[in-house]
Amino acid sequence: MDVYQPLIDNERGNFNGVEVLLRWENKELGKISPAEFIPLAEETGLIIHIGEWVLRKACYQTKAWCDQGIPLARVAVNVSAGQLLHNGFASMVNSILAETMLDPGILELERSGLAHSASRISGNLAQSKSVKFAAKKEREYEKDEKESRSGIQSQGGNSCDQG
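Everything numeric in this text was worked out from a predicted model, so none of it was measured. Each chain has its residues counted from 1, following the order in which its sequence is written. The predicted origin of the model limits local features to residues at a pLDDT of at least 70 and limits the giving and counting of side-chain atom pairs to 80 or more, whereas totals for whole chains, interfaces and linings rest on all residues. Hydrogens and water are ignored here; the side-chain numbers use all heavy atoms of the structure.

Caption draft 1: The arrangement of the overall build of the chain in detail. We count a stretch as a helix when DSSP gives it H or I for four or more residues in a row; a strand needs E for two or more, and each element gets its number in order from the N terminus. Across its full length, the chain holds 6 helices and 7 strands. Contacts in the chain between residues at least 24 apart in sequence constitute 73% of all its contacts with a sequence separation of at least 6. Two residues qualify as a contact provided that any one of their heavy atoms is within 4.5 Å of a heavy atom in the partner residue.

This is how it looks when you write it as structure tokens:
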């Protein structure tokens, strides 16, 4: 299950996008923390398929919101080190953007907990230059979550417009 957390422009105090958060609720085990299932998915290699599913679903949903006139300047999708290190990562992102017809300038890829080769990741990301990439530290995630819950004010000017 994915959840869309509102993002607030700190300077203007208005709603300007969403962050996609992956959640897992099991009938027997209840809610399972991403801190538990993401490392397991990385270990088993399933993170590549899960990440692709999350990205595709987020891009389709964002495009639908844009088509409905909801003003989104950005959609932030968290990606893991395993995804970033995967050789087909950039082509997968570009393929999903083409398939969904989402403006690449709206998509922001955010990574957390990275302890791998920055040069290899940079090489993979260079193949998808039109997508924003942000490296956030855990403290920044906590700060953003608190700030985004403080209130939403929608404002005109749809950044989703394709022309």
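Caption draft 2: Focus on the nonpolar core. Nonpolar core, defined: a set of buried Ala, Val, Leu, Ile, Met, Phe, Trp, Tyr and Cys residues in which side-chain atoms within 4.5 Å join the residues together. Only protein chains enter the accessibility calculation, which uses a 1.4 Å probe. A residue is then buried if its area is under 20% of the maximum for its type, exposed if over 50%, and partly exposed in between. Leu 55, Val 75, Val 77, Phe 89, Val 93, Leu 107 and Leu 109 are the most contacted members of the largest nonpolar core, which has 27 residues in total. Mapped onto this core, the elements with two or more residues apiece are strand E2 (14-22), helix H2 (47-67), strand E5 (74-79), helix H4 (89-100) and strand E6 (107-111). It is H2 that provides the largest number of residues to this core, a total of 6 residues.

Caption draft 3: Fine view of the environment of Arg 74. With respect to the element layout, Arg 74 can be found in strand E5. Spatially, the C-alpha atom of Arg 74 lies 9.8 Å from that of Asp 103, the residues being 29 residues apart in sequence. Apart from residues lying up to four places away in sequence, Arg 74 is in contact with Leu 7, Ile 8, Asn 16, Gly 17, Val 18, Ile 106 and Glu 108.

Caption draft 4: Region of the structure containing the packing of H2 against H4. Orientation is described by axes fitted as lines to C-alpha atoms, over the contacting stretch for helices, and by angles from 0 to 180 degrees between their N-to-C directions. Between H2 and H4, the shortest axis-to-axis distance is 10 Å and the interhelical angle comes to 30 degrees. One way to sum up the angle between H2 and H4 is to call them roughly parallel. Considering the relative orientation of H2 and H4, their crossing is right-handed. Residues Glu 52, Leu 55, Arg 56, Cys 59, Tyr 60 and Lys 63 of H2 pack against Met 92, Val 93, Ile 96, Leu 97, Glu 99 and Thr 100 of H4. Only Asp, Glu, Lys and Arg are considered charged, only Ala, Val, Leu, Ile, Met, Phe, Trp, Tyr, Cys and Pro nonpolar, and every remaining residue, Gly among them, polar. Residues that form the contact of H2 with H4 fall into these classes: 7 nonpolar, 1 polar and 4 charged. Here the word oblique covers every angle except those under 35 degrees (roughly parallel), over 145 (roughly antiparallel) and from 65 to 115 (roughly perpendicular). We call a crossing left-handed when the near helix sits turned anticlockwise from the far one by less than a right angle, and right-handed when that turn is clockwise.

Caption draft 5: Seen up close, the packing of aromatic side chains. Any two rings among Phe, Tyr and Trp, with Trp reduced to its six-membered ring, count as a pair given centres within 6.5 Å; such a pair is stacked if its planes are under 30 degrees apart, edge-to-face if over 60, and tilted if neither. As enumerated under the stated definition, the model contains 2 aromatic pairs in all. Taken together, a centroid distance of 5.0 Å and an interplanar angle of 80 degrees make the contact between Tyr 4 and Trp 65 edge-to-face. Of this pair, Tyr 4 sits in strand E1 (residues 2-9) while Trp 65 sits in helix H2, and the two are 61 residues apart along the sequence. Taking relative accessible area as the criterion, Tyr 4 reaches 21% and is therefore assigned partly exposed. Taking 5.7 Å as the distance between ring centres and 85 degrees as the angle between the ring planes, the aromatic pair formed by Trp 24 and Phe 37 counts as edge-to-face. Linking Trp 24 in strand E3 (residues 24-26) with Phe 37 in helix H1 (residues 34-44), this pair joins segments that are 13 residues apart in sequence. By relative accessible area, Trp 24 is classed as partly exposed at 43%. The buried category is assigned to Phe 37, whose relative accessible area is 9%.

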